[in-house]
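Notes for the structure review
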Amino acid sequence: MLHTVEDSSALDLSVEVLVLLVVELKSEQYLRCILEESQKELFKATTMRGSMPTFTLLGKLADAIPGFADMLVVEHGSIVDHLLMGLMYPNEGVKAAVCYLYGKLYSSPAGTERLSAHFEEKLCDLFLATLGHAQTRELQVNCLGLLKELLKTDHFVSILMNNSKAEEESESPDVLEGENPLPLVLKKLLLTRDEMLQAASSHCVAAVLVHSPSRYAPAFIHADVPEFLFECLSSSSEILIWSVYCCLLLLTEERLFFSKCHTVYGIESLVRSLHDVLQLNNLELHKQGLLLFTEILRRQPVEIKLFTNRGVCVKAMDVLMETVNCPVLEVVVEAVRAVAAFLRKDHLSSPPVPYEELQKLLEAVLRRCADLPPPQSSKSHSGDLVFSVSQSHLANRNLSRIPQRQGQFLLNTLESFRNACRLAVEFQSDPMAQENPFTAPNSKSKDTLRNFSEFLLRICDSLCIPMVMNYLERAVSPSVMEVFLSTLNTLFTAVPNMQKKFSKKLEQELSELLQKGLPQLNYTIAESLLLLAETPEPFSLDQSLCSHQHCFILLVYFAYTLGDRFVPAAELFLAIRNFLLSAQDHGDCPPPVILRAALYLLAGCQDKGQALDLRSLCTMRRILDNLPDLSLVYVHCPLLVKFFLHYPELLGRFGHQVLQLWFSWGDCKQTEAEGDGLGSAEQLSSANPLLPILKSNPSILLILLDLVCSSSVEVAWKVLLTLRTFLERNEDVLVCDLLRSQFLQILQQLLVESSSASLQANRNLPVLLSLLFLVQLRSKGGRELDSTDFKLLHQVSNLCGRCRPRDTDLLQPSLNFLYWSLHQTTPCSQQRAVAVLLSNVPLLDLLQKVLECTWLRSPPPEAALLAPEDSLLCSGWLLVASLLACQHRYRTEVHQTLCLDLTEVLNAVIFRKKKPILLLVSIMQFLRAALRQDFSSSLLVVTGQSTAPGAAQPQPVSLQDAALHPLVTQQVFSLVVSLQNLWVHIQLQKDLLLSQAVVACLETLVEYLYVKNQDVALHVASQPWHRFLLFTLLSEGQKSLLQPEVLRLMTLFLRYQSSNIISQKEISQILQVAAEANVAELPEATCRALRLFLCQLQSSRCPLEPAQSGTLQSLLGQLPGQGTSSGQHQDIVYPFLSRSL
């Protein structure tokens, strides 16, 4: 009958009746009969459409009868093959029936086990294609039902998420590079307006992520799924919103979620959603939304501002205010945690800072906490002592009845208030945060930092202190006490002019509490130290000893932070050590707040006590290993970092985490007030306290290098500054080989695993390359390049080839590294290095594009520092100049030529258009290299010299121009005039680098002209304007006569017999000044230039008096020969360290 009915309604009714009959009969025999008949029908069916009733019946039976799916899979496995064919049939009704049945089969244990290989080998690709192209709602729903069952098993999730198409197999713009289609399919369903499908899709995303957020989240993030999840928050469906909250909460565990700026995109949608959700009577939804908001606020990287719009920030505060006033304590607890995470400078730094709104929010939080009923007292009457031994059992019983949630609420409230106090202190250094910059003239604004800081003092006095005192009179809570005192410590610096008044007020209010709470600690110092080493009796329920120890440690901790060392450091160090050993032996682990104080005191007293033995270190390691997060016990103090890095047992296990915390904690050069009491400025090494630690243990450099690669850009830059300072100040430490080897491993991994796009998006890679260049600068003299150097050269050149000219952050340090590698080495290594670079065709293509940007880029406005683009142009011209010279010297094989328009190159110097001096120097360096080779290098092809400006047809070439080819006479004269004008600039700016470059370029130009056309060369050398320039140079008196550039110009004029430029008078003056000078004290460049001048003078026809000839010979004898070791590097233009770092 099922196969003869054509009406769908009648078919559905028939299936429903048959299922009811079978269920009522409860006969296994009938089930087997149905399965056998169904298998026969499937084999007999001529089309898949005819099999649809059978699929529908089997699916309904599997849903209604437990064990039916197992029976089908185990005894009639051939039916599964028909299901596969049904899924390929071009009818969505058939596919829907097949997916429904598949879903029931994979929901059974037997089906999951037996059909595992079937799914991996046959079904997976087909199913994903079916889901991706489903059009009818029935098929979409059934596909999602099947997917939901599959996602319950980790194995199937792994198969689905690893089912990626290779980049070369698909050119579809919808498929991201190496990305799995499942995220894209689920994103497509999120785009529908069907809220049920959106909820099911988001549920499936969460079902994948819950298996391993770190493994699967990047695929969804790269597919931009978070963007569409945030869009779904505009829905009114509570089920959909809950699913989206769950998905986004799981995505917050992946750093990429934040670095891709998805939170910046979606924060407004989330705030709006929270506002709407609060109108619903769904407390679980309230808590889940607040939990998501808190995690985003807490994990958002500092360098990526979350609230780019002040209006959204204010709306967020309105939502927090509304949740804080919620009557349900569970919701309020989550709200206060969100407030604590919200109170960060980077969340509130968009001017104007909403101080008034912040005051209202903080007051609401404190009043909400103060309105809670106090905890039941742990005393029998008011005269009893908190730590009375006779009442310890009663205290324990009463403490156990204190609502834990209430104590956590107070702790969260105090953390919120402490963050607000820190915020006030941090804003003191921000001029934009002092007051509302948009306040009208001659009007006063209440929205100022001063008013906010005074509010904090008032609210602390009226609400915070009484509330904490009231709580601590009835309960023992070291964590509350620690946060409270830390808050007061910070608040002292918020309003400096009220410190004394606040201190007196605080002393009055806290004295009674301290007298009541700490009477048993009224011991001598020796007795107090012995107290720390005591161990409670086994199986004792008395917690008073533990409370005494904890309170004493906290007292000493706060005393030390304020500089009060009433306990000798050496004895305290030993006592804290014994306390930790005793706790570990007893099987206890001190609370994080106590452990934090203990570590701080150990670090502060380390220099006064003996080194910890192996047993103590093993104990500390076991205790710290039990912590969920080392930040719980971290104190931002240089001595604590030194303590962890001093012991290899702690360095290997916790060194990376401690250094990460150190550099992540605001400005690494500033410490909390806790560091103020530990010693002198010399002890703290305030400039950078890590430097002496690095010198004593260079292996820590590898940890820092790893931080550069794995941390945020802000942290990476701080690490780089530390490494740079260390390398500059400690040249005696041989760390370069260690660092180069590590650089090589990192670059190899990056280039293998990353695409060009991901390399360009890697914000830490420029920092890494800058540090590599800095390490390279440590090579002061020529040395042989080893295998690591050549591998680095290969990797960096390959990296450059994968960049675009606009990737200045990557290319600037990379090109500088290549340039330096070519110069600071021996000729043998230089020959191999230039061969490596010239064989890299993508690198040469990039250099061609970089150089062309010189005339394609509009001139920048004048600035004190080089723009990044100009720095890159400098590096490009210098590197190409070096490649030209080295290729010519070693006759290196060329695989790709550089083609440049000579007219554009010359115009870049002739028509400077505010070009930076360093860029002009770099272009002149290139011109020198090209002129020396007569523009005939196999690496360089020059064009564009035959057409005059504005001419429609090439002008006839004169004999003189033909001789100067590829230059023309007009270009030569224009270049000479430009060089003369630059000399005027040199005299005004005293630019040594430019003066060297101008003289060198003029020398090389005249040499080139002399070979091509002697008349033109002599004409250029005898230009009357040179005489005026020389007169200007010598106007500073006799000290200018021995300047290297002046001597080189004199040599040039002598060589080309420019008697109208240099006279006998100037020659006599130079000889006289040189004779009077102490030759041994002259700079090397001056000696070299003076020797060239004297040799030229000796070989010229210039008449000399006998005394002058004697002086000349005497000077030549005193000057060093030309075979000096440093002469080979005189043409190096040093790369731009300040720009690179």
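That block above? That's the structure.
As the structure is a computational prediction, the values presented were derived from the model and not from experiment.

**Observations concerning the overall build of the protein chain**
Within the protein chain one finds 58 helices and two strands. Burial statistics for the protein chain: of 1141 residues in total, 54% are counted as buried. The long-range share in the protein chain, meaning contacts at least 24 apart out of those at least 6 apart in sequence, stands at 77%.

**Some thoughts on unusual backbone geometry**
For the bond from His965 to Pro966, the omega torsion is 10°, close enough to zero to count as cis. Of note, the phi angle at Asp224 is positive, near 60°, even though the residue is not glycine. Looking at the secondary structure, you find Asp224 in the loop between helix H13 (213-222) and helix H14 (225-232). Even without a glycine there, the phi angle at Asp934 is positive, about 55°.

**Concerning the packing of helix H17 (residues 262-277) against helix H18 (residues 283-299)**
Packing of H17 against H18 brings their axes to within 11 Å, and their N-to-C directions diverge by 155°. As the angle between them shows, H17 and H18 are arranged roughly antiparallel. Taken as a pair, H17 and H18 cross one another with a handedness that is left-handed. Side by side, H17 and H18 meet where Thr263, Ile267, Leu270, Val271, Leu274 and Val277 of the first sit next to Leu285, His286, Gly289, Leu290, Leu292, Phe293 and Ile296 of the second.

**Here's the deal with empty space enclosed by the protein**
Under the definition given, this model contains three cavities of 30 Å³ or more. Of the volumes computed, that of the largest cavity is approximately 80 Å³. The wall of the largest cavity is formed by Leu979, Gln980, Trp983, Leu1002, His1026, Leu1029, Leu1030, Leu1033, Leu1049 and Phe1053. The set of elements that each furnish at least two residues to the lining of the largest cavity consists of helix H50 (969-989), helix H53 (1024-1033) and helix H54 (1044-1055). Top element by residues in the lining of the largest cavity is H53. It accounts for four residues. Considering only residue class, the lining of the largest cavity consists of eight nonpolar, two polar and no charged.

**Let's talk about the pairing of strand S1 (residues 898-901)**
Only one face of S1 is covered, namely the one carrying Leu898 and Leu900; the face carrying Cys899 and Asp901 has none of its residues buried. Note that S1 and strand S2 (residues 940-943) share four bridges and pair parallel. Of the residues in S2, the one forming a bridge with Leu898 is Leu940.

**Structural notes on the packing of helix H48 (residues 917-932) against helix H51 (residues 992-1012)**
The contact between H48 and H51 brings their axes to 9 Å, and the two run at 25°. By the angle between their directions, the pair H48 and H51 is classed as roughly parallel. Seen from above, H48 lies across H51 with left-handed handedness. Contact residues: Ile917, Leu918, Val921, Met924, Arg928, Leu931 and Arg932 in H48; Leu993, Leu994, Ala997, Val998, Ala1000, Cys1001, Thr1004, Leu1005 and Tyr1008 in H51.

**Quick look at the nonpolar core**
Nonpolar side chains tend toward joint burial in soluble globular proteins. Core analysis: the largest hydrophobic core is formed by 206 residues, its most contacted members being Phe643, Leu659, Leu818, Leu883, Met924 and Leu967. For this core, the element with the highest residue contribution is helix H46 (residues 868-890), accounting for 12 residues. Apart from the residues within four sequence positions on either side, Leu883 is in contact with Leu822, Val834, Leu837, Leu838, Leu844, Leu847 and Leu939. Counting residues in hydrophobic clusters, the runner-up holds 171 residues, among them Leu250, Leu297, Ala316 and Phe484.

**A short note on the environment of Leu270**
If you trace the backbone, Leu270 turns up in helix H17. Linking Leu270 and Tyr245, residues 25 residues apart in sequence, is a C-alpha distance of 9.2 Å. Ignoring any residue separated from it by four or fewer positions in sequence, one finds Leu270 in contact with Phe230, Leu233, Tyr245, Leu292, Phe293 and Ile296.

**A look at the pattern of salt bridges**
Scanning the model with the defined rule gives 24 salt bridges in all. Note that Arg653 and Asp625 form a salt bridge whose closest N and O atoms lie 2.9 Å from each other. Here Arg653 is found in helix H34 (residues 648-664), whereas its partner Asp625 is found in helix H32 (residues 614-625), with 28 residues between them in sequence. With a relative accessible area of 33%, Asp625 lands in the partly exposed category. Residues Asp789 and Arg740 are paired through a salt bridge, measuring 3.3 Å at the closest nitrogen-oxygen approach. With Asp789 in helix H42 (residues 787-801) and Arg740 in helix H39 (residues 736-753), the pair connects residues that are 49 residues apart, well separated along the chain. A relative accessible area of 6% means that Asp789 is categorised as buried. Residues joined by salt bridges that share partners form a network here, namely Glu284, Lys287 and Glu330.

**Some thoughts on H14**
Among the eight residues of H14, six are classified as buried, and the element is accordingly described as predominantly covered. Elements in contact with the buried residues of H14: helix H11 (181-190), helix H12 (195-209), H13, helix H15 (238-251), helix H16 (256-259) and H17.

**What to know about the packing of aromatic side chains**
Taken as a whole, this structure holds 19 aromatic pairs when the rule is applied. Judged by centre distance (6.4 Å) and plane angle (25°), the rings of Phe452 and Phe455 are stacked. With a gap of three residues between them, Phe452 and Phe455 both fall in helix H25 (residues 449-472), about one helical turn apart. Across this residue pair, the class does not change: Phe452 and Phe455 are buried.

**A word on a nonpolar patch on the surface**
On the surface, Leu13, Val17 and Leu21 cluster together to form a nonpolar patch covering roughly 280 Å² of accessible area. Among the structural elements, Val17 can be located in helix H1 (residues 8-25).

**Some thoughts on the side chain of Arg368**
Structurally, the position occupied by Arg368 is in helix H22 (residues 355-370). At 2.8 Å, the side chain of Arg368 forms a polar contact with the backbone oxygen of Cys326. The residues contacting Arg368, other than those within four sequence positions of it, are Val324, Asn325, Cys326, Pro327, Val328, Val332 and Phe409.

**Considering the environment of Ala575**
Relative to the elements of secondary structure, Ala575 occurs in helix H30 (residues 569-585). By relative accessible area, which is 5% here, Ala575 ends up buried. Sequence separation of Ala575 and Ser528 is 47 residues, and the distance between their C-alpha atoms is 9.2 Å.

Definitions and limits used
Residues numbered from 1 in each chain as written. Predicted model: local features only at pLDDT ≥ 70, side-chain atom pairs only at ≥ 80, totals over all residues. Heavy atoms only, no water. Helix = DSSP H or I, 4+ residues; strand = E, 2+ residues; numbered from the N terminus. Buried < 20%, exposed > 50% of the residue type's maximum accessible area, 1.4 Å probe, protein only. Contact = heavy atoms within 4.5 Å. Axes fitted to C-alpha atoms, helices over the stretch in contact; angles between N-to-C directions. Parallel < 35°, antiparallel > 145°, perpendicular 65-115°, else oblique. Left-handed = near helix turned anticlockwise from the far one by under 90°. 1 Å grid on protein atoms, 1.4 Å probe; cavity = no way out; pocket = protein on both sides within 12 Å on 5 of 7 lines; lining within 4 Å. Points joined across faces, edges and corners; volume = space filled by probe spheres on them. Nonpolar A, V, L, I, M, F, W, Y, C, P; charged D, E, K, R; others polar. Pairing = 2+ DSSP bridges. Core = buried A, V, L, I, M, F, W, Y, C linked by side-chain atoms within 4.5 Å. Salt bridge = Lys/Arg side-chain N within 4 Å of Asp/Glu carboxyl O. Phe/Tyr/Trp six-rings, centres within 6.5 Å; stacked < 30°, edge-to-face > 60°. Patch = residues over 30% accessible without salt bridge, like charges linked within 9 Å, V, L, I, M, F, W, Y side chains within 5 Å. Areas by Shrake-Rupley, 256 points an atom, 1.4 Å probe, with all protein chains shown as cover. Polar contact = N/O pair within 3.5 Å; in protein donor to acceptor, adjacent residues only side chain to side chain.

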